[in-house]
Structure formats: structure tokens, C-alpha cells
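Below, each chain spelled out in residue letters.
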Amino acid sequence: QLQPVESGGGLVQAGDSLRLSCLVSGRTPSGRTFSNYGMGWFRQAPGKERELVAAISAIGGRTYVTNSVKGRFTISRDNGKNTLYLQMVSLKPEDTAVYYCAAGQSDNYYLLNAGAYDYWGQGTQVTVSS
């Protein structure tokens, strides 16, 4: 099984930057590892539904970023380090949420549906004060 573990969250002021990391260890019974999986960053604010923030394909580096963070958040991955990143700049109070990384089977395309992701981390809190 894959075990995603997020880190890098914290309390920052509006306009600040943060970089979230997600280290994915383990392998599936079929031998698939981090590099074989499409990855996504989701977030969930209090009283709101979980939403997809950004996603990246397993192969080819195709990325998706939701409109509310476009131009401010960047998703990337380092397959050599089994790590997914979310670089966040110009943070706003409305970015406050628990951020989760997730892994789903894909090749050349990113995954937009939460149901397509098989493995989830425990989340890291991001709080942006005004």
C-alpha cells in the first residue's frame, strides 16, 4: 500500500508563502509506487466540502489547478524523492483549510474526481490570518 504523509502547513499571514510536501512511501501488491500514480492536493475548510486544489499526472507532468488558486499555487512532483509539492504564494484567508494529498491510478492525465484517488494522507493544517 502507499502511505502519503503531508508536511509544511502552518500559521501565516495574508500575502505569505508556504510549500507543502507529501512524501509517499510503500508499494502496492502489484509493485506500483509513487511514480506510477497521478497525484492531487485537496483541501477542506470548516463547514465546507472537500475540494480539489491541484492535480498532476503520473507521466508527462500534466497539471491542473482550480480557478480560485490559479496563478498563486503550483503543483509539482519529484519522482526520485517520491514527493509531491504544492507551492503556495500570495496566500489569502480563504485558503485556510486542511490540505490533503492523494494518489490515484493514472498515466498521462490528471484525476479530477476524488473518487478516483485510492490513497490519502492525514492532512496538514494551513491557516492564513488577515
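The structure we're discussing is the one just above.
Below is a short write-up of the structure. (Residues numbered from 1 in each chain as written. Predicted model: local features only at pLDDT ≥ 70, side-chain atom pairs only at ≥ 80, totals over all residues. Heavy atoms only, no water.)

### Topic: the sheet that holds strand 1 (residues 3-7)
- Across the sheet, 4 strands lie side by side as 1-3-8-7; this open sheet has antiparallel pairing. Sheet topology places strand 1 and strand 7 (73-78) at the edges, where each strand pairs with a single neighbour. Between one strand axis and the next, the sheet turns by 15° as a mean value, whatever way the strands run.
- Across 6 bridges, strand 7 lies against strand 8 (residues 83-88) in antiparallel orientation. Opposite Asp78, over in strand 8, you have Thr83 as the bridge partner. (Pairing = 2+ DSSP bridges. Helix = DSSP H or I, 4+ residues; strand = E, 2+ residues; numbered from the N terminus. Axes fitted to C-alpha atoms, helices over the stretch in contact; angles between N-to-C directions.)

### Observations regarding the packing of aromatic side chains
- Going through the model one piece at a time under the given rule, you end up with 5 aromatic pairs.
- Taken together, a centroid distance of 6.0 Å and an interplanar angle of 70° make the contact between Tyr37 and Tyr119 edge-to-face. Taken together, the positions of Tyr37 in strand 4 (residues 37-44) and Tyr119 in strand 10 (residues 119-120) put the pair 82 residues apart, joining distant regions of the chain. Of the two residues, Tyr37 and Tyr119, neither departs from the other in class, the shared state being buried.
- Measuring from centroid to centroid gives 4.7 Å for Phe42 and Trp120, while their planes differ by 50°, and the two rings are tilted. Taken together, the residues span a long stretch of sequence, with Phe42 in strand 4 and Trp120 in strand 10 at a distance of 78 residues.
- Residue Phe42 is classed as buried on the basis of its relative accessible area of 2%.
- Ring-pair connections join several aromatic residues into one group, and the members of that group are Phe42, Tyr117 and Trp120.
- Over the ring of Tyr109 we find Arg62; its NZ or CZ atom is 5.0 Å from the centre of that ring.
- A cation sits over an aromatic face here: Arg77 above Phe34, 4.4 Å from the ring centre. (Phe/Tyr/Trp six-rings, centres within 6.5 Å; stacked < 30°, edge-to-face > 60°. Buried < 20%, exposed > 50% of the residue type's maximum accessible area, 1.4 Å probe, protein only. Lys NZ or Arg CZ within 6 Å of the ring centre and 35° of its normal.)

### Some points on the state of the cysteines
- Tallied over the entire structure, the rule returns 1 disulfide.
- Each sulfur in the disulfide pair Cys22 and Cys101 lies 1.9 Å from the other. Remark: Cys101 occurs in strand 9 (residues 97-105) and Cys22 occurs in strand 3 (residues 18-25); sequence separation between them is 79 residues. Side by side, Cys22 and Cys101 carry an identical accessibility label, which is buried. (Disulfide = S-S within 2.5 Å.)

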